[in-house]
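Geometric and topological summary
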Amino acid sequence: MQTTHYLETNKQRFLDELFELLRIPSISADAAYSDDVHRTAEYVKDKLIAAGADKVEICQTAGYPIVYGEKMIDPSLPTVLVYGHYDVQPAVPLELWETPPFEPTIRNERIYARGACDDKGQMYMHIKAFEAMMQTNTMACNMKFMIEGEEEVGSANLGIFCVANKERLKADVVLISDTSMLGNDTPSIDVGLRGLSYVEVEVTGPNKDLHSGVYGGAVANPINILAKMIAGMHDENNHITIPGFYDDVLDVSAEDRAELNKAPFDLEAYKKELGIADVWGEKGYTTMERTGTRPTLDCNGIWGGYIGEGSKTVLPGKAFAKISMRLVPNQSSEKTTEMFTKYFESVAPKTVTVQVRPHHGGEPVLTPTDSIEFNAAAKAMETTFGKKPIPTRGGGSIPIVALFEKELGVKSVLMGFGLDIDALHSPNESYGLFNFYKGIETIPYFYKYYSDMKK
Ligand code: BES
Ligand code: MN
Ligand code: MN
C-alpha cells in the first residue's frame, strides 16, 4: 500500500509532531490548565489543516472546544466520522513518574507521557493516516473529524454539539481509536464498553470538628460511618447490595461467555504486572468477564478529618467520598444513580445526615460483530497484524458512543491499538512505538475495505 511507504519515509516527523502535542498539558479536569487545553485544540486544528482537511474549525462549547474538519471527495462514497479526544487525565502524583509527564521520552521502544496512548497518541494516528492518504491520492471514503477536549471529564457538551450539528456530522459510521487490544501479537477489537454512574457523597455528623477525646465514643464519627456504609455495598460474594442494582443487567449467554473466555489471558502475568497476590471480584465470573460483562461499584476517593503531617486528635464533622459504578447493557446511568441515592439515604444511621451529588454518567454499549464496519476493521487488522482480531469487551467507558447512536443514529467501530500495559490514567503512561506506527499503517486499510464492502 502506498500509504505504508509514505509512513516509512515520514516516521520520525510523525513522532516529532506527536511529541509536540504531548508536551502541552491539556488536563481538562483542572482549570489551572485551561490555556493549555485551548492551545492543544489550536495544535490539532493546525495539524488537520496541514494534513489537507477542509472547513477546519474550532467549535466553541460551554466548556472546551471541539475541533472539526472534513474532506468530502465524492458524494457517492461512504463517509467516516473520526472521533477522538485531545484532553488528558491529571498527571498527579508527579513523584511517581520516572520522567516528567509532559516531557515525552522514549524508553524500551515506548513513548512515556500523559496522553501517550489515551488519547493523543491514538487520535494522532488518524490525522497522520489521513495525511498519508491525501498525499498518496488514496482516499477511499469521505472523512470527517470531531476531536473533543472534555472526554476525561464526561463530555457534557458533546451531546449538545451533536444535536445542534446533525447535518454536519452526518456519516455512515464513527471510527474511534481509544481502546486497547489483548496484545501486539493478539489483535482484538472491543465490541462492548461499560457505562458509568458517578456520584459524590457527603456524610455530616456534629456541626463542627470535635475533640476526639472529649467527645469520642459518644458522638458518631462520619468517617467511621461512611467507611462502614461503603464496605456494606458488597456482600460476601462481592455482589453489590443496592436493591435492584442487577435488575436490568443483560445476562450473557453461555455461548458468548465461552467465546469471551477463549481469548488468551494470562492470570499469573496479570497479577505480576499489578503487584497483587490475588485477583478479586464477583463470585462465579472470570477476570475477563468481571471487567467486560459485569457491573461494579468502586470508591474512587475518600476524605475527611485531618490528613496533614503529624497527628491531630479530631472527631471530624464531615466525611466525603467519590464513588463510581461501571454499568453493562441494559443498565441505565440515571436509574442507577437514583437507586444508589435511595439506598445510601436508607442505610444512613440517624446519627448522621447524608447527601448524594450526581456527577457525569454514560450509557453502556454493544457494537455488532456482523456489521460492515466490524468486518472492515477486522480485515484491516488482519492485513497488518497477520492475524484475525478477537472480539472483546472493554471495561472502560466512552459515553459518547451510546450518544452517537442515539442522537446521530450512527454506530461506532472501536479500532483501538493500546495495550493493558500502557498505564492509562496512571503514572508512567506509555504507548508503544510499534502501536503508534501500526495504527497509522492499519487505518488506511479500514477505509479501503469499508468503501469496498459498502459497494
Ligand atoms: N479511553 C478511555 C476509555 C477506555 C480505555 C475504554 C480502555 C476501553 C479501554 C477513556 O478516555 C476514559 O478514560 N473514559 C473514562 C470515562 C469518563 C471519564 C466519563 C473512563 O472510562 O473512566
Ligand atoms: Mn480515552
Ligand atoms: Mn481516559
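One numbering rule holds for all chains: residues counted from 1, following each sequence as written. Both sets of labels track the order of writing: A upward for chains, 1 upward for ligands. Residue-level local features of this predicted model are given only where pLDDT is at least 70; pairs of side-chain atoms are given and counted only at 80 or more, and the full residue set underlies all totals for whole chains, interfaces and linings. Only hydrogens and water are set aside when side-chain values are computed; all heavy atoms of the structure are taken into account.

1. Some points on the coordination of the manganese ion (ligand 3)
Here is the rule: Only nitrogen, oxygen and sulfur atoms count as donors, using a 2.8 Å cut-off from the metal that widens to 3.2 Å for Na, K and Ca. Water is left out, so coordination shells may look unfilled. In these descriptions, tetrahedral denotes four donors with every angle between 85 and 135 degrees, square planar four donors and octahedral six donors with opposite donors over 155 degrees apart and the rest between 65 and 115, and irregular any other case. In DSSP terms, a helix is any run of H or I states spanning at least four residues, a strand is any run of E spanning at least two, and both are numbered starting from the N terminus. Classification of residues uses two cut-offs on accessible area relative to the type maximum, computed with a 1.4 Å probe and protein chains only: under 20% is buried, over 50% is exposed, and between them is partly exposed.
Every protein donor of the manganese ion (ligand 3) is listed here as Asp 118 (OD), Glu 152 (OE), Glu 152 (OE) and His 425 (NE2), and their distances to the metal cover 2.1 to 2.6 Å. Taken together, the 6 donor atoms coordinating the manganese ion (ligand 3) and their angles of 55 to 155° define a geometry best described as irregular. Spacing between the donor residues of the manganese ion (ligand 3) along the chain follows D-x33-E-x272-H. Taken as an interatomic distance, the gap from the manganese ion (ligand 3) to the manganese ion (ligand 2) is 3.6 Å; Asp 118 donates to each of them. With Asp 118 in the loop between strand E5 (110-112) and helix H3 (120-135) and His 425 in the loop between strand E17 (412-414) and strand E18 (430-432), this pair connects stretches of sequence that are 307 residues apart. Residue classification places Asp 118 among the buried positions, given a relative accessible area of 7%.

2. Comments concerning the site of ligand 1
Which entries qualify depends on this criterion: We call a residue near a molecule or strand when any one of its heavy atoms sits within 4 Å of it. Under this definition, polar contacts are N or O atom pairs within 3.5 Å; protein pairs additionally need one hydrogen-donor-capable and one acceptor-capable atom, and for neighbouring residues in sequence, both atoms have to be side-chain atoms. Values of accessible area rely on a 1.4 Å probe in the Shrake-Rupley scheme; residue burial ignores everything except the protein chains shown. Polar here means any residue outside two lists: the nonpolar Ala, Val, Leu, Ile, Met, Phe, Trp, Tyr, Cys and Pro, and the charged Asp, Glu, Lys and Arg; Gly therefore counts as polar. Note: domain ranges come from an automatic or database domain assignment.
Around ligand 1, the structure places 16 residues, and the nearest of them are Glu 151, Asp 178, Arg 326, Ser 397 and His 425. Between Glu 152 and ligand 1, the recorded distance is 3.1 Å, taken from a side-chain N or O atom to an oxygen atom. When the free accessible area of ligand 1 is taken as 520 Å², the share hidden by the protein chains comes to 90%. Residues of the shell around ligand 1, tallied by class, amount to 5 nonpolar, 6 polar and 5 charged. Looking at which domains feed residues into the shell around ligand 1, each of domain 1 (2-193 + 364-454) and domain 2 (195-249 + 295-360) supplies at least three.

3. Some thoughts on the nonpolar core
Applicable threshold: Within this scheme, the nonpolar core is defined by two criteria: the residues are buried Ala, Val, Leu, Ile, Met, Phe, Trp, Tyr or Cys, and they are joined through side-chain atoms within 4.5 Å. In this description, contact between two residues means that some pair of their heavy atoms is separated by no more than 4.5 Å.
Val 44, Tyr 86, Phe 436, Phe 446 and Tyr 447 are the most contacted members of the largest nonpolar core, which totals 68 residues. Element by element, the count of residues in this core is highest for helix H12 (residues 433-454), at 10 residues. Look past the residues within four positions of Phe 446 in its chain and what remains in contact with it is Val 80, Val 173, Leu 175, Glu 373, Ala 376, Ala 377, Ala 380, Val 413 and Met 415. Val 201, Ile 242, Ala 319 and Tyr 343 belong to the second largest nonpolar core, which has 26 residues in total.

4. Quick look at the sheet that holds strand E4 (residues 105-107)
So the rule is basically this: Only strands joined by at least two bridges in the DSSP assignment are considered to pair. Axis definition: a line fit to C-alpha positions, over the contact stretch in the case of helices; interaxial angles, taken between N-to-C directions, run 0 to 180 degrees.
The 3 strands are arranged E4-E5-E18 in an open sheet whose pairing can be described as antiparallel. One side of each edge strand has no neighbouring strand; the edge strands of this open sheet are E4 and E18. Looking at each pair of strands side by side, their axes are set apart by 30° on average, direction ignored. Across 3 bridges, E4 lies against E5 in antiparallel orientation. Pairing of Arg 107 across the sheet is with Arg 110, part of E5. Contacts from helix H1 (residues 2-22) reach E4 and E5, with the element oriented near 25° to E5.

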